[in-house]
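Single-letter residue listing:
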Amino acid sequence: LRLVYEVYRHVPLPIVGVGGISDAGDVLEFLAVGASAVQVGTAALRDPFVFERIFAELPAALRAAGVDRAASFVGIAHRGGLRALTPSEGRGEAE
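1. Regarding the overall build of the protein chain
So, step 1. When its secondary structure is counted, the protein chain shows five helices and two strands.
So, step 2. Reading the protein chain from its N end, one meets helices and strands in the order α-β-α-β-α-α-α.
So, step 3. The burial tally for the protein chain puts 34% of its 95 residues in the buried class.
So, step 4. The long-range share in the protein chain, meaning contacts at least 24 apart out of those at least 6 apart in sequence, stands at 60%.
So, step 5. Surface exposure of the protein chain reaches about 5600 Å², of which carbon and sulfur atoms provide 60%.

2. What to know about the pattern of salt bridges
So, step 1. Evaluated as defined, the whole model comprises three salt bridges.
So, step 2. Note that E6 is salt-bridged to R9, the shortest N-O span being 3.1 Å. With a gap of three residues between them, E6 and R9 both fall in helix α1 (residues 2-10), about one helical turn apart.
So, step 3. On the basis of relative accessible area, E6 is assigned to the partly exposed category, the value being 27%.
So, step 4. R9 gets classed as partly exposed once you look at its relative accessible area, which sits at 47%.
So, step 5. In this structure, R53 engages E57 in a salt bridge whose closest nitrogen and oxygen atoms are separated by 3.5 Å. Highlighted residues: R53 and E57, both in helix α4 (residues 50-64), separated by four residues, approximately one helical turn.
So, step 6. Look at E57 and you get partly exposed, because its relative accessible area is 30%.
So, step 7. Via salt bridges that share partners, D47, R53 and E57 belong to a single interconnected network.

3. Focus: the environment of A56
So, step 1. Within the element layout of this structure, A56 appears in helix α4.
So, step 2. For A56, a relative accessible area of 60% puts it in the exposed group.
So, step 3. Note: C-alpha distance between A56 and A24 (32 residues apart in sequence) is 8.6 Å.

4. Regarding a nonpolar patch on the surface
So, step 1. A surface patch of nonpolar side chains, amounting to about 230 Å² of accessible area, comprises V7, V11 and L13.
So, step 2. Structurally, L13 can be placed in the loop between α1 and β1 (16-18).

5. Quick look at the packing of helix α2 (residues 24-33) against α4
So, step 1. Across the interface, α2 lies against α4 with an axial gap of 8 Å and an inter-helix angle of 60°. Considering the angle they form, α2 stands oblique to α4. The handedness of the crossing between α2 and α4 is right-handed. Facing α2, whose interface residues are A24, V27 and L28, α4 presents I54, E57, L58, A61 and L62.
So, step 2. When its residues are assigned to classes, the contact of α2 with α4 shows seven nonpolar, no polar and one charged.

Calculation criteria
- Residues numbered from 1 in each chain as written.
- Predicted model: local features only at pLDDT ≥ 70, side-chain atom pairs only at ≥ 80, totals over all residues.
- Heavy atoms only, no water.
- Helix = DSSP H or I, 4+ residues; strand = E, 2+ residues; numbered from the N terminus.
- Buried < 20%, exposed > 50% of the residue type's maximum accessible area, 1.4 Å probe, protein only.
- Contact = heavy atoms within 4.5 Å.
- Areas by Shrake-Rupley, 256 points an atom, 1.4 Å probe, with all protein chains shown as cover.
- Salt bridge = Lys/Arg side-chain N within 4 Å of Asp/Glu carboxyl O.
- Patch = residues over 30% accessible without salt bridge, like charges linked within 9 Å, V, L, I, M, F, W, Y side chains within 5 Å.
- Axes fitted to C-alpha atoms, helices over the stretch in contact; angles between N-to-C directions.
- Parallel < 35°, antiparallel > 145°, perpendicular 65-115°, else oblique.
- Left-handed = near helix turned anticlockwise from the far one by under 90°.
- Nonpolar A, V, L, I, M, F, W, Y, C, P; charged D, E, K, R; others polar.

Geometric values such as these leave the question of function open.
Next comes the structure, spelled out in C-alpha cells:
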C-alpha cells in the first residue's frame, strides 16, 4: 500500500495494486491510496469464488465509504478524504 501511495504522488499513470487482496475492503484500501485496478492472485487459489464475492461486496463497500463509483474512490487518501497511511501503518510492506 505504501508503495502505491508513493507512486501515485509522483507518477501520473494508472497503477495496479497487487498483494494480499481477498475482499472488498482490501480493494478499497488500494483504491484509496491510488490504484486504479487491483490484481487478485493467491486468494483465488484458496477460494475459487473470490472474484464473485469481491464483485458482490464492492458496491455496498463503496456506498458505505460515501461514493457511488470505484473511480471516485481512487486516490481519495491524497485528497484528504481518508487519513493517509504511513509506512508503519496498514500494510507497510512492499505490495
